[in-house]
Amino acid sequence: MKRIVNLLLVLAFAVAAVSCDPVNPDPSPEPIGKDPFLNCVVPESVKAGGEAQIQWDGFKQNASLVLVGMDGKEYKMTVKVITAYGLTFKVPVNTPEGLYNLVLVQGERTGLGEITVTPADMPVTGLKVPTGAKQGESFVIEGVGFEEGCSVIAADQNGKETTLETEFSYSGLTVTVPADFTEGTYSLYLLQDEMRWLLASSFSVYKELVAKSLAHIDYYTDYVDGALLKLSWEISKEEPVTLTVSQSIVEGDTATLDVYDMYQFGEDGVLELVADGFEESNDLEMSYAADEEGNVSVSYVLIYGKKEPTPFTWTYDVDGFLTEVASPTKTFRSFEYQNGNMTVFNNTSFEYGDASLVNNPAAPDVIWGYMSLLDKNNPFMYVPYFLGWYTKASAQLPTAMLQPSATGTGTDRYPITYEFDEDGYVVKMSLGTEWVEYGFTSASN
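Source: prediction; values computed, not measured.

**Things to note about the nonpolar core**
In a soluble, globular protein the nonpolar side chains are often hidden away together inside. By size, the foremost hydrophobic cluster in this structure holds 58 residues, and its most contacted members are Trp 368, Phe 380 and Tyr 438. Sequence-distant contacts of Trp 368, defined by excluding residues within four places in its chain, comprise Leu 322, Phe 335, Met 342, Phe 345, Met 381, Tyr 382, Tyr 385 and Tyr 390. In terms of nonpolar packing, the next biggest core, distinct from the first, is built from 46 residues, Ala 63, Met 77, Val 175 and Trp 197 among them.

Quick look at the structure:
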């Protein structure tokens with residue numbers, strides 16, 4: 001009996017071996033139980049408050065979608081359009097960023113795959129936030145996109161938050177600083193649609209805003225035999241208005257004038273080079289045109305060796321910061337910003353490592369003053385700064401400067417320190433062995 005059974009087993013194995021090697025195999029057998037979602041295409045990411053599309057031909061008109069977070073919390077999507085080719089949905093603006101499972105509710109719940117929600121865009125366009133305000137007074141935040149019921153939150157350097165009294169209008173918000181609000185630097189946030197956006201990273205609250213006018217800037221660096229080289233810009237606003245750039249040698253307490261250039265405004269509004277002791281300036285005559293907001297839009301510069309003035313176009317971003325000065329053929333100077341701070345002035349970069357380090361809100365930008373002393377042959381760039389036509393300043397003070405190394409490779413980093421007067425104006429900025437001094441007079445002078 002065992003022999004018969006063994007024989008049957010051998011025959012069974014032989015038949016099985018033949019059936020695994022068919023003579024005419026089907027190259028494309030029809031799959032059994034085909035996945036109906038095989039051709040469903042889900043986007044990898046979508047912004048909160050934004051729209052996205054799913055490509056699939058099986059959506060019913062009553063279909064709905066939910067996002068399920070890793071914590072199990074669900075957010076219902078708004079289905080905008082359903083067609084034979086797919087579905088368009090909108091993500092609520094208050095959906096937290098993160099990774100979610102996208103679930104289709106269509107009679108039953110079916111997971112369509114993972115999708116990442118990225119932060120919502122700032123809902124306000126044309127945003128303009130002042131650099132500071134006085135205790136007990138109101139200030140205006142301009143912009144389009146604020147919604148009634150929104151609020152502004154002020155956060156101090158320790159993270160303590162205060163909701164400020166806010167009045168809504170279609171052109172912006174009027175915000176009131178409490179009379180007993182502590183002086184200092186704050187971050188301002190917009191709370192709207194259960195979301196918050198940063199409005200300003202460095203907003204100053206003060207008792208009194210002391211306005212001063214820039215009178216001169218002096219740059220000092222090592223020279224020879226223990227002496228110092230001093231470069232200066234001096235502004236005289238008495239008629240006729242003049243700008244003087246000079247070079248002096250300082251030995252002990254004595255400064256000896258070496259050479260100087262002087263520029264003087266004529267009755268026709270043209271700034272002319274009237275003394276050329278430096279013989280470095282490329283600019284013989286300069287005049288300026290302003291836009292509706294009072295910003296310089298074009299400067300006309302008679303450059304040495306040219307017969308006609310060259311027009312330079314000045315371009316600004318939505319916050320009013322200068323981004324480029326360009327001739328008809330190329331970019332002459334370029335600027336970059338992050339969080340209201342200048343990070344690049346042409347090829348020189350700046351770091352901001354201390355959010356509490358700020359200048360008086362009415363003070364001129366320290367970077368512009370420093371760069372003016374290293375660029376004596378292009379004074380037309382700095383006239384608007386010296387005369388107060390261009391007053392936009394970084395929200396914070398830079399803590400370091402980075403420049404291409406003189407060796408041609410790498411970058412040199414220079415930490416920056418400051419000294420202030422009794423009104424919070426920077427009067428000295430030091431970078432290693434060199435420093436810049438800023439001199440002021442009262443704004444009425």
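Back to the text.
**Here's the deal with unusual backbone geometry**
Omega for the peptide link from Glu 239 to Pro 240 comes to -10°, which places this bond in the cis form. Relative to the assigned elements, Pro 240 resides in the loop between strand E18 (228–236) and strand E19 (242–251). Even without being a glycine, Asp 193 presents a positive backbone phi close to 55°. Along the chain, Asp 193 turns up in the loop between strand E15 (184–192) and strand E16 (195–206). A positive phi angle, near 55°, is found at Asp 225, a position not held by glycine. The topology assignment puts Asp 225 in the loop between strand E17 (212–222) and E18.

**Focus: the pairing of strand E5 (residues 78–82)**
Here E5 pairs with strand E6 (residues 86–90) via 4 bridges, running antiparallel. Looking across to E6, one finds that Val 79 is bridged to Phe 89. Hairpin connection of E5 to E6: 3 residues between the antiparallel strands.

**With respect to the layout of surface pockets**
The probe, sized like a water molecule, is rolled over the atoms to show the empty space still left. Taken as a whole, the largest pocket spans an internal volume of roughly 990 Å³. Lining the largest pocket are 46 residues; nearest its centre among them are Thr 131, Phe 321, Lys 392, Ala 393 and Ser 394. Of all the secondary-structure elements, those providing two or more residues to the lining of the largest pocket are strand E9 (125–128), E16, E17, strand E26 (331–338) and helix H3 (383–386). Element by element, the count of residues in the lining of the largest pocket is highest for E16, at 6 residues. For the lining of the largest pocket, the residue count by class is 25 nonpolar, 14 polar and 7 charged. Estimated volume of the second largest pocket: approximately 280 Å³. Looking at the second largest pocket, it is lined by 17 residues, and the ones nearest its centre are Tyr 206, Asn 360, Pro 361, Asp 423 and Gly 424.

**What to know about the side chain of Ser 405**
Its place among the elements puts Ser 405 in the loop between strand E29 (400–404) and strand E30 (411–420). According to the relative accessible area criterion, Ser 405 is buried, its value standing at 12%. With near-sequence residues (within four places) excluded, Ser 405 lies in contact with Gly 410, Thr 411 and Asp 412.

**Re the packing of aromatic side chains**
Under the definition given, this model contains 25 aromatic pairs. Ring geometry for Phe 37 against Trp 56: centres 4.5 Å apart, planes inclined by 20°, an arrangement best described as stacked. You can see Phe 37 sitting in the loop between helix H1 (2–19) and strand E1 (45–47) and its partner Trp 56 sitting in the loop between strand E2 (51–55) and strand E3 (64–69), a full 19 residues away along the chain. Relative accessible area serves as the criterion here: at 23%, Phe 37 is assigned to the partly exposed category. When the centroid spacing of 5.1 Å and the interplanar angle of 75° are considered together, the rings of Phe 345 and Trp 368 count as edge-to-face. In this pair, Phe 345 is assigned in strand E27 (residues 341–345) and Trp 368 in helix H2 (residues 366–372), connecting sequence segments 23 residues apart. With respect to class, Phe 345 is no different from Trp 368; both count as buried. Taken together, Trp 233, Tyr 263, Tyr 316, Phe 335, Phe 345, Trp 368, Tyr 382, Tyr 385, Phe 386 and Tyr 390 form an aromatic cluster joined through their ring pairs. The ring of Tyr 189 has Arg 196 sitting right over it, with the charged end atom 4.4 Å from the ring centre. The ring of Trp 435 has Lys 428 sitting right over it, with the charged end atom 4.9 Å from the ring centre.

Cut-offs applied
- Residues numbered from 1 in each chain as written.
- Predicted model: local features only at pLDDT ≥ 70, side-chain atom pairs only at ≥ 80, totals over all residues.
- Heavy atoms only, no water.
- Core = buried A, V, L, I, M, F, W, Y, C linked by side-chain atoms within 4.5 Å.
- Buried < 20%, exposed > 50% of the residue type's maximum accessible area, 1.4 Å probe, protein only.
- Contact = heavy atoms within 4.5 Å.
- Helix = DSSP H or I, 4+ residues; strand = E, 2+ residues; numbered from the N terminus.
- Pairing = 2+ DSSP bridges.
- 1 Å grid on protein atoms, 1.4 Å probe; cavity = no way out; pocket = protein on both sides within 12 Å on 5 of 7 lines; lining within 4 Å.
- Points joined across faces, edges and corners; volume = space filled by probe spheres on them.
- Nonpolar A, V, L, I, M, F, W, Y, C, P; charged D, E, K, R; others polar.
- Phe/Tyr/Trp six-rings, centres within 6.5 Å; stacked < 30°, edge-to-face > 60°.
- Lys NZ or Arg CZ within 6 Å of the ring centre and 35° of its normal.

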